Structures are given as structure tokens and as C-alpha cells.
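# Architecture and fold: a report
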Amino acid sequence: MSFLALQLAKEQIADLELQLLKRKLRVSQSPCDTNAVVGDRQLKAFCSNDYLGLANHPDLIKALAEGSKKYGVGSGASHLISGHSAAHELLEKKLASFQEPFIPNARALFFSSGYLANLTAITGFAKLAPRNGLSLYSAKLNHASLIDGIRLASAQNNASVHLFDHTQLDSLLNVLKEDTKPLKLIVTDGVFSMDGDLAPVKELLKIAEQHDALLLVDDAHGFGVLGEQGHGILEQENIRSDRIIYIGTLGKAAGVSGAFICAQDYFIEWLIQKGRPYIYSTATPPAIAHTLVKSLEIIEGDEGKKRRAQLSRLIKVWQDEMTFAGWTKSPSCTSIQPVILGSNASALMAAKLLDDAGYWIPAIRPPTVPVGSARLRITFSANHSVDDVRELIRTLKDIEQKILEKNST
Ligand SMILES: *Cc1c(COP(=O)(O)O)cnc(C)c1O
């Protein structure tokens, strides 16, 4: 790296600090749970994506130890070389059976992260298109990993990219009507990660059918949580279609790590042949796959049901009892409950006052959310109690009062 580059990095970091956009790491000393230890302080955490409270579950801790005894700690190679173990194979079978009621001929492919799964699914789809023969339709508030997959695919295949507002599908329809490209893919978050609202998957699927497109649904925040059995948004919406490419992540509600793509078997086979992030990356430790099989059993079973019921209870208490004087609460029906404050300064001040009161709820700022919509992203876990939520409501009301008073003087 040239010295100029280092100088520029230093200047630009100083600039981020000035705009209140510099992000800071906090070091946690405890397992991911609703009580966290940060430095020498105990904090109530309302910020993880561990919605079912499985990240520190004794049965999963046991399964990881068991898995590493059986398979060691590393896979040693990519899947196609020698890294694909019986644990991966079993996990993929089980994941496919989770989605089979909603995707005919479902096959699943396991990845070390959702980021990689999204890159692989979108660039792999793009590789099927002739040059200039691809249109990608992307919901404006999609996750960064979908956006990056789309950027990479469009750089490689010269695809046309169209953004659409998922609450207003007319614009999507108008562009699709005129679209003569042979391959089309509509890409959406299932649950929007910073707002907690659901994508209109049924309507999008209908549009995909009418215009011979495929629909990619990234259910990172729905898998494990939505649907009677926790199979995700397709279960909840009662959808069955062979046009769906489903992405689920396993480091959120599933409590462990990794992700998967589930689609019709031919598409998955194509990704195994041609999906570069899949082919050129070392397989996740088999012990992780072994642990995930146990996590899927919990999700599907009675314990998963109970945990989802607890989550619904918490969401209802929040929606019924939280009223702000000036701030706005989102109407979200999921564990993601943002409070939108607008300016970076207000969001940072609220996060700081929450921290003083013993809460871990970071401010979320651009570019993660649109400019002017900085927010607190509050998330619930089944390990929270109703009292925890009521206590948080009281604290937040106090903090809002303090900030409103300060801003008016
Ligand atoms: C978290 C997330 C991802 C990335 O998944 P990782 O396993 O954390 O890499 C992808 N999409 C959405 C919508 C997410 O929220």
C-alpha cells in the first residue's frame, strides 16, 4: 500500500468521526444472551438476532462438543475437494425437508455465512444468462449482501438492475411489462432487517409467475421464527412454488452459524458446479453442521413452539404498551422493533443514555439505513421476560423525555 493510501484512510476516518458515522467495536465477555458482560459492566441486551435464545443453549453446547469429538475441529478443504462430511450431508437433507412442502424437488446447499450464500445464489443465477440477457429486480431496502451479489452479477453479466419499493409494486410491474430479457430475477429480504416488516412474498410470486421471473427470498430474519413449525416465511404465507430460491441463515434464530440456499435440485446442482464462493472456500467445520442438526430439531419441536410463543407475547406487550410522545414506533409484527429517531446525533445520544441505564441497544446509522432515518434497532429474544420488556419501555420513555427536553432548550 502506498503511503498516500494510509494518509487517505486516516483522513477519511477522521471525517467519519466528524459526521458521527464512525463505528466502534465493543468487546463482549459473555456468551450471546439477554444478559451481557461488556468490560466490567452487566448490560441487558436487546440487540442480537438470537431470536429464539438458542446461541447459549445447553443442548447445542453439548452438540458442538460431541460434533468436534466425532469430526475434529476443521474440515480441511472445500466441499468439492474433501471437506464435505456426513454431518454436512445430513444437515442439507434436513434443511431441504424443512422447505420441501413449499419448494417442490427442494435441495439445500450449506454455506459458512449468509453473505456467501447470497453472493453465490445471485452470481450463479446470472451465469445462466447470455450476455446482456439478464434483469435483476431488487427491493430498495435489501440487505447489503444481496446488493453486493447484484453488483457482482451485473459487473460480470452486464445485467440491468432495477430497484423497487416493496410497499408499492406498481413501479416494479411497469418495468417488468417492458422487459424483454430472457432471464429475470426478483430479489427481496423476507423480513426487512432494519424495519421488521415482511415482504409481500405472495404478490411478488404472482408477479414472477406472470413475467416468467424467479423470486429469491432472503429469509435471514424469518427462518426459525415464522410459521407454525419455524420453517420460515414460506410456511407462514402458505406458499408453494418451484420459482423460489430460498435463503435461510443459521447464525440468527438457529443460534449457531452459517446459511443455506434451498431451491429446485437442478439449480442447486448448477451452483455446486459453477458457484465460485461455494467452490473456492473451505467447508464450515462439520461440528457446526452437527450442532445445526440439533438446532433444527429444537426449532421444529415443542421447545421451538414454546419459544416462538414467548416471542409473540413480548412483541404484543411492546406493541400494546409502548407509546412515545414524539418518536415513532414501527408497526412491525416481528422481533425487530425499530425506533426511528432521524438524526445520527439523536440516535447516538439515545444509545448512550440507554447504555448509562444498563442497556445494550446500539444506534444504527447510514449506510446501514437511509440517511435521516438513524434508529435504535430493538430486538427481542425468547429469553427475555415480559418484565424485561416493560422495564425497557419505562426506560425508553424516560430517555425520550430527556432528549426532547434537551432539543427544545
Ligand atoms: C444477516 C443477514 C445476512 C447475512 O448472513 P450472515 O450469515 O450473517 O452472513 C443476509 N441477509 C440478511 C437479510 C441478513 O439480515
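Residues numbered from 1 in each chain as written. Predicted model: local features only at pLDDT ≥ 70, side-chain atom pairs only at ≥ 80, totals over all residues. Heavy atoms only, no water.

## Considering the overall build of the protein
Summing up its helical and strand segments, the protein has 15 helices and 14 strands in all. Here the C-alpha radius of gyration of the protein, 22 Å, is about what a compact globule of 409 residues would show, namely 22 Å. Within the protein, buried positions represent 53% of all 409 residues. In the protein, once contacts between residues fewer than 6 apart in sequence are set aside, the share between residues at least 24 apart is 75%. For the protein, the accessible area works out to roughly 18500 Å², and carbon and sulfur atoms hold 55% of it. Separation between the mean location of the 44 positive side-chain charges and that of the 44 negative ones in the protein comes to 3 Å. (Helix = DSSP H or I, 4+ residues; strand = E, 2+ residues; numbered from the N terminus. Rg over C-alpha atoms; globule rule 2.2 N^0.38 Å. Buried < 20%, exposed > 50% of the residue type's maximum accessible area, 1.4 Å probe, protein only. Contact = heavy atoms within 4.5 Å. Areas by Shrake-Rupley, 256 points an atom, 1.4 Å probe, with all protein chains shown as cover. Lys, Arg positive; Asp, Glu negative; His and termini not counted. Charge placed at Lys NZ, Arg CZ, Asp CG, Glu CD.)

## Things to note about the domain arrangement of the protein
Partitioning the protein into domains gives domain 1 (25-54 + 302-408) and domain 2 (58-300). Distance from the C-alpha centre of domain 1 to the C-alpha centre of domain 2: 28 Å. If you look at the interface, domain 1 gives 25 residues, while domain 2 gives 24 residues. Of the roughly 1800 Å² buried between domain 1 and domain 2 on both sides combined, carbon and sulfur atoms contribute 60%. The largest share of the area that domain 1 buries against domain 2 comes from Y51, L54 and R308, three residues that together contribute 32% of it. Our count for the domain 1 to domain 2 interface comes out at one salt bridge. D195 is the salt-bridge partner of R375, the closest N and O atoms lying 3.0 Å from each other. (Domains from an automatic or database assignment. Buried area = accessible area lost by both parts, 1.4 Å probe. Salt bridge = Lys/Arg side-chain N within 4 Å of Asp/Glu carboxyl O.)

## Considerations on the side chain of E400
Inspection of the secondary structure assignment puts E400 in helix α15 (residues 386-408). One buried charged side chain, E400, makes no salt bridge at all; its nearest oppositely charged neighbour is K397, positioned 8.1 Å away. For E400, the side chain forms a polar contact with the main-chain nitrogen of W327, separated by 2.8 Å. Discounting residues that sit within four places of it in the chain, E400 has contacts with F324, A325, G326 and W327. (Polar contact = N/O pair within 3.5 Å; in protein donor to acceptor, adjacent residues only side chain to side chain.)

## Some remarks on the pattern of salt bridges
Within this structure, the stated rule accounts for 17 salt bridges. Residue K24 is joined to E17 by a salt bridge in which the shortest nitrogen-to-oxygen separation is 3.6 Å. The class of E17 is partly exposed, set by a relative accessible area of 39%. Residue R41 is joined to D355 by a salt bridge in which the shortest nitrogen-to-oxygen separation is 2.9 Å. With a gap of 314 residues between them, R41 in strand β2 (residues 41-45) and D355 in helix α14 (residues 344-356) connect regions that are remote in the sequence. Look at D355 and you get buried, because its relative accessible area is 14%. The network of salt bridges with shared partners includes E17, K22 and K24.

## Some words on the packing of aromatic side chains
Geometry of an aromatic ring pair is reported as the spacing of the ring centres plus the angle between the planes. Tallied over the entire structure, the rule returns nine aromatic pairs. Summarising the aromatic geometry, the rings of F46 and Y359 are spaced 6.0 Å apart at their centres and angled 40° between planes, so their arrangement reads as tilted. With F46 in the loop between β2 and α2 (58-71) and Y359 in strand β12 (residues 359-360), this pair connects stretches of sequence that are 313 residues apart. Neither F46 nor Y359 differs from the other in exposure class; each is buried. Seen from their ring centres, Y246 and F260 are 5.8 Å apart, and the 40° between their planes marks the pair as tilted. Of this pair, Y246 sits in strand β8 (residues 244-249) while F260 sits in strand β9 (residues 259-264); the two residues are 14 residues apart in sequence, bridging distant segments of the chain. F260 gets classed as buried once you look at its relative accessible area, which sits at 0%. An aromatic cluster is built from F46, W318, Y359 and F380, whose rings are joined through pairwise contacts. For R26, the ring lying beneath its charged end belongs to W360, and the centroid distance is 5.5 Å. (Phe/Tyr/Trp six-rings, centres within 6.5 Å; stacked < 30°, edge-to-face > 60°. Lys NZ or Arg CZ within 6 Å of the ring centre and 35° of its normal.)

## Some words on unusual backbone geometry
Of all residues except glycine, most have a negative phi; of all peptide bonds, most are trans. At the junction of P366 and P367, the peptide bond is cis and its omega measures out at 5° in the coordinates. Mapping P367 onto the fold places it in the loop between β13 (363-364) and β14 (374-379). The backbone of D212 shows a phi angle near 50°, a positive value even though the residue is not glycine. The residue D212 is located in the loop between α8 (201-210) and β7 (214-218) in this model. Of note in this structure, N238 is not a glycine but carries a positive phi near 55°. With respect to the secondary-structure elements, N238 resides in the loop between α9 (233-236) and β8. According to the relative accessible area criterion, N238 is exposed, its value standing at 66%.

## Description of the sheet that holds strand β1 (residues 35-38)
Strand pairing within a sheet occurs via backbone hydrogen bonds; the two strands may be parallel or antiparallel. Pairing in this open sheet of three strands is mixed, and the strands run β1-β2-β12 from one edge to the other. Each having just a single partner strand, β1 and β12 make up the two edges of the open sheet. Pairing of β1 with β2, which is carried by four bridges, proceeds in the antiparallel orientation. What sits directly across from A36, in β2, is L43. (Pairing = 2+ DSSP bridges.)

## As for the site of the ligand
Every one of the 13 residues lining the ligand counts as a neighbour, but G114, Y115, D218, H221 and K252 are closest to it. G114 is positioned such that a nitrogen or oxygen atom in its backbone is 2.7 Å from an oxygen atom of the ligand. One of the side-chain nitrogen or oxygen atoms of H143 is found 3.4 Å away from a nitrogen atom of the ligand. The protein chains hide 82% of the 380 Å² of surface that the ligand would expose on its own. Of all the elements, helix α5 (residues 114-126) adds the most residues to the shell around the ligand, at three residues. Class assignment of the residues belonging to the shell around the ligand gives a composition of two nonpolar, eight polar and three charged. (Near = heavy atom within 4 Å. Nonpolar A, V, L, I, M, F, W, Y, C, P; charged D, E, K, R; others polar.)

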